[in-house]
Amino acid sequence: MEIERAETEELRIGVFVCYCGLNISGTVDCEAVAEYARGLKDVVVVNTNRYTCSEPGQQTIKDHIKEHNLNRVVVASCTPLMHEPTFRAACQEVGLNPYLLEMVNLREHCSWVHMHEPEKATEKAKDMVKMGVSRARYLQPQIEKEVSVDKSALVIGGGIAGIQASLDLANAGYQVYLVEKKPSIGGTMAQIDKTFPTMDCSI
Amino acid sequence: MTDVGRHPRIELLTLSEVVDVQGYIGNFRIKVLRKARYVDEKECTACSDCLEVCPVTKPNEFDLGLSTRKAIYQPFPQAVPSAFVLNLEDCLGNNPIACGKCAEACDLKCIDYDMQDKEVEFRVGTVIVATGMDVYDPTELDEFGYTRFENVITSLEFERLINSGGPTEGHLIRPTDWQLPKRVAFIQCIGSRSEKRGNPYCSNICCMNTVKDSLLIKDHWPEVEIKVFYMDIRAFGKGFEDLYKRSKAAGVMYIRGIPGDIREDPEAKNLILLSEDRNEGKVVEHEVDMVILSVGLVPNSDSPIIRQLLTLSQTSDGFFMEAHPKLLPVDAPTKGVFFAGCAEAPKDIKDSVTQASAAASRANILMSAGKITIEAITSHIDEELCKACGICARVCPYHAIEFDKEKKLPARVIEASCHGCGACAAECTFGAITMRHFTDQQIISQIESALGENPQDKVVVFACNWCSYAGGDFAGISRLQYPPSVRIIRTMCSGRVDEKFVLHAFKLGAPIVLVSGCHFADCHYISANRWTQKRVEKLWDKLEKKGVRPERLQLEWISAAEGLKFAKVMKEMEELRKGVTMEEIEYTQKEL
Amino acid sequence: MAEEADFKCLRCGHRFKAPYSPKDEPQERACPQCGSNSVRRIKEKAKGK
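Residues numbered from 1 in each chain as written. Chains lettered and ligands numbered in written order. Predicted model: local features only at pLDDT ≥ 70, side-chain atom pairs only at ≥ 80, totals over all residues. Heavy atoms only, no water.

### With respect to the overall build of chain A
Along chain A, the regular secondary structure elements total six helices and nine strands. The proportion of buried residues among the 203 residues of chain A is 62%. Within chain A, residue pairs in contact and separated by at least 24 positions form 67% of the contacts whose partners lie at least 6 positions apart. A total accessible area of about 8,100 Å² is found for chain A, and carbon and sulfur atoms account for 49% of it. (Helix = DSSP H or I, 4+ residues; strand = E, 2+ residues; numbered from the N terminus. Buried < 20%, exposed > 50% of the residue type's maximum accessible area, 1.4 Å probe, protein only. Contact = heavy atoms within 4.5 Å. Areas by Shrake-Rupley, 256 points an atom, 1.4 Å probe, with all protein chains shown as cover.)

### Description of the interface of chain C and chain B
Residue-level contacts link 14 residues of chain C with 22 residues of chain B. Buried surface at the junction of chain C and chain B, summed over both partners, amounts to about 1,500 Å²; 41% is from carbon and sulfur atoms. The interface formed by chain C and chain B contains six salt bridges. Across the pair arginine 40 of chain C and aspartate 541 of chain B runs a salt bridge, and its minimum N-O distance is 2.7 Å. For the pair chain C and chain B, the interface holds 17 residue pairs in polar contact (both at pLDDT 80 or more). Of the residues belonging to the side of chain C that touches chain B, the class tally is four nonpolar, five polar and five charged. (Buried area = accessible area lost by both parts, 1.4 Å probe. Salt bridge = Lys/Arg side-chain N within 4 Å of Asp/Glu carboxyl O. Polar contact = N/O pair within 3.5 Å; in protein donor to acceptor, adjacent residues only side chain to side chain. Nonpolar A, V, L, I, M, F, W, Y, C, P; charged D, E, K, R; others polar.)

### Quick look at empty space enclosed by the protein
The full count for this structure, using the stated rule, is seven cavities of 30 Å³ or more. The calculated volume of the largest cavity comes to roughly 240 Å³. The wall of the largest cavity is formed by 18 residues, among which Glu102 and Met103 of chain A together with Gln446, Tyr469 and Ile488 of chain B lie closest to the centre. Looking at the lining of the largest cavity, the elements that each hand over two or more residues are strand E4 (101-105) and helix H5 (118-137) of chain A together with strand E27 (486-491) of chain B. Among the elements that line the lining of the largest cavity, the one with the most residues is H5 of chain A, at five residues. In terms of residue class, the lining of the largest cavity is made up of nine nonpolar, four polar and five charged. (1 Å grid on protein atoms, 1.4 Å probe; cavity = no way out; pocket = protein on both sides within 12 Å on 5 of 7 lines; lining within 4 Å. Points joined across faces, edges and corners; volume = space filled by probe spheres on them.)

### Topic: the packing of helix H11 (residues 440-450) of chain B against helix H13 (residues 499-507) of chain B
All names here are of chain B. For the pair H11 and H13, interaxial distance at closest approach is 10 Å and the crossing angle is 20°. Here H11 is positioned roughly parallel relative to H13, judged by the angle of their axes. In this structure, the crossing between H11 and H13 has a hand that is right-handed. Together, Asp440, Ile443, Ile444, Ile447 and Glu448 of H11 and Lys500, Phe501, His504 and Ala505 of H13 make up the contact between the two elements. (Axes fitted to C-alpha atoms, helices over the stretch in contact; angles between N-to-C directions. Parallel < 35°, antiparallel > 145°, perpendicular 65-115°, else oblique. Left-handed = near helix turned anticlockwise from the far one by under 90°.)

### What about unusual backbone geometry?
A cis geometry characterises the amide bond from phenylalanine 196 of chain A onward to proline 197 of chain A, with omega recorded as 0°. In this chain, valine 80 of chain B is followed by proline 81 of chain B through a cis amide linkage whose omega measures -5°. Along the chain, proline 81 of chain B turns up in the loop between strand E6 (72-73) and strand E7 (85-86). In this structure, threonine 311 of chain B takes a positive phi of about 55° despite not being glycine. By secondary structure assignment, the location of threonine 311 of chain B is in the loop between helix H7 (303-310) and strand E20 (337-339). Exposure remark for threonine 311 of chain B: the relative accessible area of 13% places this residue in the buried category. Within the chain, histidine 437 of chain B stands out as a residue other than glycine whose phi angle is a positive 70°.

### So, the interface of chain A and chain B
Facing the 86 residues of chain A at the interface are 120 residues of chain B. Our enumeration of links across chain A and chain B arrives at seven salt bridges. Where aspartate 127 of chain A meets arginine 487 of chain B, a salt bridge forms, and the shortest distance between an N and an O atom there is 2.8 Å. If you list the elements that add at least two residues to the side of chain A that touches chain B, you get helix H3 (80-93), helix H4 (107-111), H5, strand E5 (146-148), strand E6 (152-156), helix H6 (160-171), strand E7 (175-179) and strand E8 (194-195) of chain A. The leading source of residues in the side of chain A that touches chain B is H6 of chain A, at 12 residues. In terms of strand pairing, E5 of chain A meets strand E21 (residues 371-373) of chain B through three bridges, oriented antiparallel. From the neighbouring strand, valine 147 of chain A faces E21 of chain B, where its bridge partner is isoleucine 372 of chain B. (Pairing = 2+ DSSP bridges.)

These values are about where atoms sit, not about what they do.
See the structure below:
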């Protein structure tokens, strides 16, 4: 398949392989993975760390971004569902757009599930890092845009729920438009005599 | 209710319907059709002078037809706004020969026969859907004789009969002879908990409503004999069990078993119920004076209109679907829209009020911040490449793509409404759609790296961010072991997996490709994974035509909690992989 | 009587019948034998193959 490979800027990728204590390094040979990453195209620096998510670990990433003028960062550690926000923030702190970070899930998707096959796990980890670096090469900065929120609300339906929501919002200071199809608000509740469990009047 | 009428910040629009909603979170443009009341709402003092001269008599809807009203009327005494309303369909009209009496009688001159329907437009930041429900109409359950026997009424009709503001001023009577019924039967679960007729779900409120109704009767007329026929009594809420006990202590008889048939004594108009007492294990006949059908709740008949206007979804019961059943229970899938009350599911007053306050609070969070950061992972349409076919607009679960069929202009993404599933990009055959942060290039480069060396040993797995990828994480956390042949590629939704990704993987020598996503009920993009399934089905046909075994493309729905299933499926993928020969792979590479 | 169609599991090969109508909304399907979701509807002309 033909895909455009043209790049306008020079790619400078940093790869950070995490040991996660023994969680990753107990199965995967992290140094071998790091060595492999050094040979990948556009990778200018590779670093291993005992705990990349720790303060010193994050500092290392920030220092390397500055020192090597990195424009893509690959962190090979745990699931992005856990620490992607952490590493994105670290990138942002030193002026790198957070969407230029790519994470490789060596822990949940590799070391923890292939504990009895360290060699194959290491080979898989290399493939995973290679996939992450490839993807990182095509990452683009993204901007999280802001939109304003009007300080007014539409409430559709004037039964007990609509009445309660309207009063809460109006009392909080917002303009409320309460739209009711019938000639009066009240809904089904107004048709009911007493209400359970306290047997008090509905209106 | 009156607080709403006089609140300076609530604009109450009655006799009104939302007819159009444009825009997106924080910036909705609303169009409301305000029907003419023909009575000046501000001037009318509800003095009733008009009512006395009106010659028209019609059934009163508020009392479910159990009483009458005039063509000009107040729906009920506590109505808000308190102003009268003129139903022009019932009115004889402002023709001096025909009528015009009410206008003459009104000192304040607030009746205007020429009043017109008006369209009102305004902008809002948030929307709360509190459209409520309807009660189940038991006509189809003919065995209970609702339409055949006058003394069979519904629980809502009973509410009007026992209400001091109702047609009988609170005197309990039965319809045929206007006498106090001495023996009353309640039948539960009418229209609820049935797979065959009515609805399969429990309507939540009917058990306690009957318990309450039985006590209302016992409080006023202790001599009335009450039998309640039920399947289960669900008295689960705070104070509910106490009330149930009180009802039993007051002598209300609870009989397990729903009557199969009701007959009427043609003379006395009494009703004979045949029922099996499941606790006693025998069939018994019960003669009563009146039967009250404890009817369930059904989605509001206007729900489809609101659903379309706000791009909402419904659960299988027909009520509105939440953004997440546990973690976002009052948020609608459309950002900036929230649910309150029975619109979302049948619930009692306390739960409706609780949910309404929660919805107001959720809306408040957005509005007090005054601004919101929108998703960066959105789709973008290249106007040059777009052929205006409209497929993207059709597959978008959020209607976030504007497309005008007639004008044939390029489609346009409303970024603030886009949730970033990527189904549009996967369906676009012209390559006109770029999915930010999950571009074709990015995904294809991962496929190429995964299959760079010894592709025959690898299984390519596409996993969605929310469910199957997280299910893989859970397998890891649980240390569930599976073969190291799988290479996982994450997308936000399985709906992003383009046909060309799968074919490209096969072309590069992948023996097995798995597309995985959320279970249908869990899809984080409403219904985007329905398109995943359709696409995989199409691919199976395509592969077969090319002489490639469709078995090599697999599909699986795995939730974030199904680590066990994830590991099991990965083992199955490895077994399938072993069954794919080199000849097969080479043939596939040549054919595709 | 609800309409039915033939289905084949592409995981374990099991063939089975299940309610199906072209008018239906797409629904989640699973093989009654192995539980897999790789369930393919066998179209009329392909029957017996």
